[in-house]
Amino acid sequence: MFFHRFYDDQLAQASYLLGCQATGEALVVDPNRHLEPYLAVAAAEHLRITSVTETHIHADFVSGARELAHRTGARLLLSDEGGDGWRYRYAAEAGAELVRDGHSFCVGRVEVRALHTPGHTPEHLVFLVTDGAAATEPMGMLSGDLLFVGDVGRPDLLERAAHIAGTMEISARQLFASLQRLRELPDFLQVWPGHGAGSACGKALGAVPQTTLGYERRFNWAFGITDEDAFVRAALAGQPEPPRYFAEMKRINRDGPRLRPAGQAPPALDLAGVAAAIARGEPVVDTRPSRAFLEQAIPGTLNIPLNRSFATWSGSLLPYDRPLHLIVDGRSGPSAVGAVRVLEGIGLDRIGGVAGAEVVDAWITAGRPLQRIPGIGLDQLASAAEELRGAVVDVRARSEWASGHLPGAVSLPLTELEARLSEVPPDRPIVIHCQTGARAAIAASLLRARGVADVRVYGGGFAEWNAAGLPVEQGAA
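The rules behind the values
Every chain's residues receive numbers from 1 upward, in the order its sequence appears when written. Side-chain atom pairs in this predicted model are given and counted only at pLDDT of 80 or more, local residue features only at pLDDT of at least 70, and totals for whole chains, interfaces and linings cover all residues. Values shown for side chains rest on all heavy atoms present in the structure; no hydrogens or waters enter the calculation. Numbering goes from the N terminus for both helices and strands, where a helix is a DSSP run of H or I of at least four residues and a strand is a run of E of at least two. Each residue's exposure class comes from its accessible area (1.4 Å probe, protein chains only) as a fraction of the maximum for that residue type: buried when under 20%, exposed when over 50%, partly exposed otherwise. Residue contacts are defined here by distance: any two heavy atoms, one from each residue, within 4.5 Å place the two residues in contact. Here, Shrake-Rupley sampling with a 1.4 Å probe gives the accessible areas, and only protein chains in the shown set may cover a residue. Two residue types count as positive, namely Lys and Arg, and two as negative, namely Asp and Glu; His and chain ends fall outside the count. Positions of charges follow a simple convention, taking NZ of Lys, CZ of Arg, CG of Asp or CD of Glu. Two strands pair if DSSP finds at least two bridges between them. Angles here are taken between N-to-C directions and fall from 0 to 180 degrees, while the axes themselves are lines fitted to C-alpha atoms, restricted in helices to the stretch in contact. Any pair of N or O atoms that falls within 3.5 Å is considered a polar contact. Within protein, one atom must be able to donate a hydrogen and the other to accept it, and sequence-neighbouring residues count only if both atoms are side-chain atoms. Pairing of aromatic rings covers Phe, Tyr and Trp, the last through its six-membered ring, and needs centres within 6.5 Å; plane angles under 30 degrees mean stacked, over 60 mean edge-to-face, and all others mean tilted. When the NZ atom of lysine or the CZ atom of arginine is within 6 Å of a ring's centre and also within 35 degrees of its normal, the charge is said to sit over that ring. Cysteine sulfur atoms are paired as a disulfide whenever they come within 2.5 Å of each other.

Trainee: Sorry if this is basic, but what is going on with the overall build of the chain here?
Mentor: Looking only at helices and strands, one finds 16 helices and 20 strands in the chain. Each principal axis of the C-alpha distribution contributes one length, and for the chain these read about 70 × 50 × 35 Å. Looking at the 477 residues of the chain, the share that counts as buried comes to 53%. Put simply, of all contacts in the chain between residues at least 6 apart along the chain, 66% involve residues at least 24 apart. In the structure as shown, the chain presents an accessible area of about 19100 Å², 51% of it carried by carbon and sulfur atoms. Here the chain contributes 45 positively and 55 negatively charged side chains, and the mean placements of these two sets differ by 2 Å.

Next comes the structure, spelled out in structure tokens:
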């Protein structure tokens with residue numbers, strides 16, 4: 001059996017290719033939308049991708065299962081579990097083979113058996129993998145978002161991300177039952193999870209790429225709780241707020257990601273194109289580091305730096321129903337390719353054009369003024385705290401706010417900021433802060449783009465304020 005793990009650092013997402021070297025057939029599990037790595041590895045190993053499947057309807061990226069099956073002519077296998085509301089709506093149209101609990105299929109001499117393991121999602125499957133050329137028992141488990149290294153899939157996403165009320169506790173109890181089912185399996189099973197550290201699909205995922213079931217039984221907190229009610233409380237406690245775009249991903253992946261033409265790059269965008277996009281009210285995203293953006297930026301642009309949080313904030317702040325445009329370091333270089341790749345991976349593929357960072361200099365040369373968003377230091381903010389009461393905007397998550405915040409600050413989480421612009425005082429200098437400065441810069445750019453003229457960034461954030469021993473208040477917003 002040939003085995004290869006693919007890992008997307010931006011999404012903290014793993015997918016897998018399993019091949020039978022005797023017959024040349026291969027299976028891809030949980031592919032994302034970027035198909036070239038799967039095709040390249042299969043070709044290098046003289047394998048044909050004959051089957052494509054996924055463990056569940058993903059919430060954090062656009063699935064590539066439909067597109068990969070279409071490109072390769074492979075059979076598409078999709079879960080038929082979870083009830084009518086959680087079945088793949090495009091399955092019949094795509095000619096998919098439906099998979100239920102206990103269903104087995106073969107890829108050459110490699111046997112794959114599905115187990116229905118709801119909890120993270122109602123339709124979730126894990127796949128037990130047996131290398132039939134060498135053994136009669138499974139060697140490993142593709143655990144999807146059921147079991148991670150050191151953690152389990154969060155059961156609250158249907159309610160908190162997809163807004164299906166009353167599902168958190170039900171899902172947590174299903175998760176408990178699914179984990180009990182794993183107790184029937186042997187300790188030696190390798191566990192190949194769907195995510196690693198940094199994913200929002202759990203709360204404490206480990207960075208090690210794989211584990212064993214026996215190790216997780218000994219050291220994973222979820223197996224250490226044998227009382228169901230206690231497990232439900234623990235599983236729902238302390239879950240981070242899910243990115244806002246998760247609901248859109250659920251819809252896209254349930255209804256069927258669109259099939260895209262291959263090899264189409266977004267057009268080049270010049271100075272006139274940037275100006276026209278801003279005039280039309282279409283988002284122009286400056287992906288340069290926040291430090292550079294705050295010093296000099298084209299008015300009306302939104303700063304979302306191209307770093308590990310680019311997918312999270314792009315999916316949470318950018319519209320899915322309008323074209324968007326990018327400013328990157330090097331219009332045709334790795335930054336441009338990387339930015340487009342990330343956006344397409346979360347379904348933001350209406351990219352109208354890409355401009356290089358030199359467009360900022362061209363803006364100056366054309367005689368157009370740039371904007372600068374000033375900063376404010378700890379001492380200055382502390383001395384003006386009373387004067388700025390009600391005008392200091394904390395864009396951290398609600399849970400962060402509740403555990404401690406600046407006296408007199410206003411809680412407007414970054415994901416809610418645009419919808420709550422009317423709560424920003426229109427006639428006062430506004431100071432934006434978060435924990436350490438990254439979200440504050442994004443929020444400041446959004447406020448300036450929406451016409452708030454006097455915005456300042458407290459880059460030290462709550463972490464610096466708290467470390468200085470200055471007064472802190474607690475309580476929900």
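Trainee: Got a minute to help me understand the sheet that holds strand β4 (residues 48–53) in this structure?
Mentor: What links the strands of a sheet is backbone hydrogen bonding, and the strands pair in either a parallel or an antiparallel sense. A sheet is described by the order of its strands in space; here six strands give the open sequence β1-β2-β3-β4-β5-β6, paired in mixed fashion. Of all strands in the sheet, those bounded by a partner on one side alone are β1 (2–8) and β6 (97–99). Pairs of neighbouring strands in the sheet enclose a mean axial angle of 25°, with direction left out of account. By the bridge criterion, three bridges tie β4 to strand β5 (residues 75–79) in an arrangement that is parallel. From the neighbouring strand, Val52 faces β5, where its bridge partner is Leu76. Across the sheet, helix α1 (residues 36–44) is in contact with β1, β2 (13–20), β3 (25–29) and β4; its angle to β1 comes to roughly 155°.

Trainee: Would you explain the side chain of Gln13 in this entry?
Mentor: With respect to the secondary-structure elements, Gln13 resides in strand β2. Of the polar contacts made by the side chain of Gln13, one reaches the side chain of Asn32; its length is 3.0 Å. Excluding residues within four positions of it along the chain, Gln13 makes contact with Phe6, Tyr7, Asp8, Asp30, Asn32, Phe61, Gly194 and His195.

Trainee: Whenever I open this one, the sheet that holds strand β20 (residues 455–457) confuses me. Can you help?
Mentor: Ordered in space as β18-β17-β19-β20, the four strands form an open sheet in which the pairing is parallel. With partners counted over all chains shown, the strands left at the sheet margins are β18 (410–411) and β20, one partner each. Pairing of strand β17 (residues 392–394) with strand β19 (residues 430–433) involves three bridges; the strand directions are parallel. Pairing of Val392 across the sheet is with Val431, part of β19.

Trainee: Got a minute to help me understand the environment of Ile57 in this structure?
Mentor: Structurally, Ile57 can be placed in the loop between β4 and α2 (65–72). Residue classification places Ile57 among the buried residues on the basis of a relative accessible area of 0%. Linking Ile57 and Arg87, residues 30 residues apart in sequence, is a C-alpha distance of 8.8 Å. Setting aside residues no more than four positions away along its own chain, Ile57 makes contact with Trp86, Tyr88, Thr121, Glu123, Lys250, Asn253 and Arg254.

Trainee: Looking at this model, I keep getting lost on unusual backbone geometry. Mind explaining?
Mentor: A negative phi angle characterises most non-glycine residues, just as the trans form characterises most peptide bonds. Notably, Ala12 is not glycine yet its phi reads approximately 50°, a positive angle. Note on placement: Ala12 falls in the loop between β1 and β2. Of note in this structure, His163 is not a glycine but carries a positive phi near 60°. As for its placement among the helices and strands, His163 is situated in the loop between α3 (157–160) and α4 (168–182).

Trainee: So what exactly am I meant to see when it comes to the packing of aromatic side chains here?
Mentor: Aromatic ring pairs are reported here in terms of the distance separating the ring centres and the angle at which the planes meet. What the rule picks out here adds up to nine aromatic pairs. Ring geometry for Phe3 against Tyr16: centres 5.6 Å apart, planes inclined by 40°, an arrangement best described as tilted. You can see Phe3 sitting in strand β1 and its partner Tyr16 sitting in strand β2, a full 13 residues away along the chain. Note on Phe3: relative accessible area 27%, which makes it partly exposed. Of note, Lys203 hangs over the ring of Trp221, and the distance from its end group to the ring centre comes to 5.1 Å. Looking at Arg368, its charged tip hangs above the ring of Trp363, at a distance of 4.8 Å from the centre.

Trainee: So what exactly am I meant to see when it comes to the state of the cysteines here?
Mentor: When the sulfur atoms of two cysteines share a covalent bond, that bond is a disulfide. The tally for this structure, following the rule as stated, stands at zero disulfides. Cysteine Cys20 is unpaired, with the sulfur of Cys106 as its nearest cysteine sulfur at 9.6 Å. On the basis of relative accessible area, Cys20 is assigned to the buried category, the value being 5%.

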